[in-house]
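Residues per chain are reported as follows:
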Amino acid sequence: PPLPVNKDAAVCGKEVPDETEVVGKDQGLANVVVAVRDLPASPAATPPATAKLDQVGCRYVPHVLAVTVGTKLELVNSDGVLHNVHANRAEGAASVTAFNLAMPFRGQKLPTTIKRAGVHRIRCDAGHTWMNAWVVAFDHPHFAVTDADGRFTLPDLPAGEHTLELWHEP
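Because the structure is predicted, anything quoted here is derived from the model rather than measured. (Residues numbered from 1 in each chain as written. Predicted model: local features only at pLDDT ≥ 70, side-chain atom pairs only at ≥ 80, totals over all residues. Heavy atoms only, no water.)

Caption draft 1: Representation of the packing of aromatic side chains. On inspection of all chains with the given rule, the structure shows two aromatic pairs. Taken together, a centroid distance of 4.9 Å and an interplanar angle of 20° make the contact between phenylalanine 138 and phenylalanine 143 stacked. (Phe/Tyr/Trp six-rings, centres within 6.5 Å; stacked < 30°, edge-to-face > 60°.)

Caption draft 2: Seen up close, the sheet that holds strand β10 (residues 108-113). Taken in spatial order, the four strands make up an open sheet running β5-β4-β7-β10, and their pairing is mixed. Of all strands in the sheet, those bounded by a partner on one side alone are β5 (59-61) and β10. Pairwise comparison of adjacent strand axes, ignoring direction, gives a mean angle of 20° for this sheet. (Pairing = 2+ DSSP bridges. Helix = DSSP H or I, 4+ residues; strand = E, 2+ residues; numbered from the N terminus. Axes fitted to C-alpha atoms, helices over the stretch in contact; angles between N-to-C directions.)

Caption draft 3: Expanded view of the nonpolar core. Within the largest apolar cluster, 25 residues are counted, with the highest numbers of intra-cluster contacts made by Tyr60, Leu73, Phe99 and Ile122. Elements represented by at least two residues in this core include exactly β4 (51-56), β6 (64-68), β7 (72-77), β8 (83-91), β9 (94-103), β11 (118-124) and β12 (132-138). If you tally residues by element for this core, the top one is β12, at three residues. With near-sequence residues (within four places) excluded, isoleucine 122 lies in contact with Leu53, Tyr60, Val85, His86, Ala87, Phe99, Met131, Asn132, Ala133, Trp134 and Val135. Counting eight residues, the second largest nonpolar core, distinct from the first, contains Val33, Ala35, Ala66 and Phe138. (Core = buried A, V, L, I, M, F, W, Y, C linked by side-chain atoms within 4.5 Å. Buried < 20%, exposed > 50% of the residue type's maximum accessible area, 1.4 Å probe, protein only. Contact = heavy atoms within 4.5 Å.)

Caption draft 4: Structural context of the side chain of histidine 142. Its location among the elements puts histidine 142 in the loop between β12 and β13 (143-145). What makes histidine 142 buried here is its relative accessible area of 11%. With near-sequence residues (within four places) excluded, histidine 142 lies in contact with Val34, Ala35, Val36, Leu39, Leu154, Pro155, Asp156, Leu157 and Pro158.

So, in structure tokens, the structure goes:
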């Protein structure tokens, strides 16, 4: 069921879709991160110039993003309300803040860099309790996020047998 909106309804609407489990028409699961597990770290891998995480209708778009360490992540506020983009990364049993940035203006863009591998949980600390996203960072380029039908590709994967690791938000 959709999630209720309890703040800034003029911009956010009365409810937003729950993106925790998105199942496609053929029962494929969207927003699953697929990564090759048996390849060594590749510090020479060139990250893309930028990746983008937008705030649209009081939702993060995309909901799940996979990147390489070193990626320049552009945070965008397409809404006319204050958002606060707070990223936490698990380090053992602890949760460590990766970045925490206020974004009060529509059209505002803030750059940040993903500095460590791991799962980064993104939340809005400006009272939009339903807003969440995930950024998963790798030290190699062999990963993908499944599309709306659960499909993915891993281009440029070295030949041979590989072990895949799947991650989906808890």
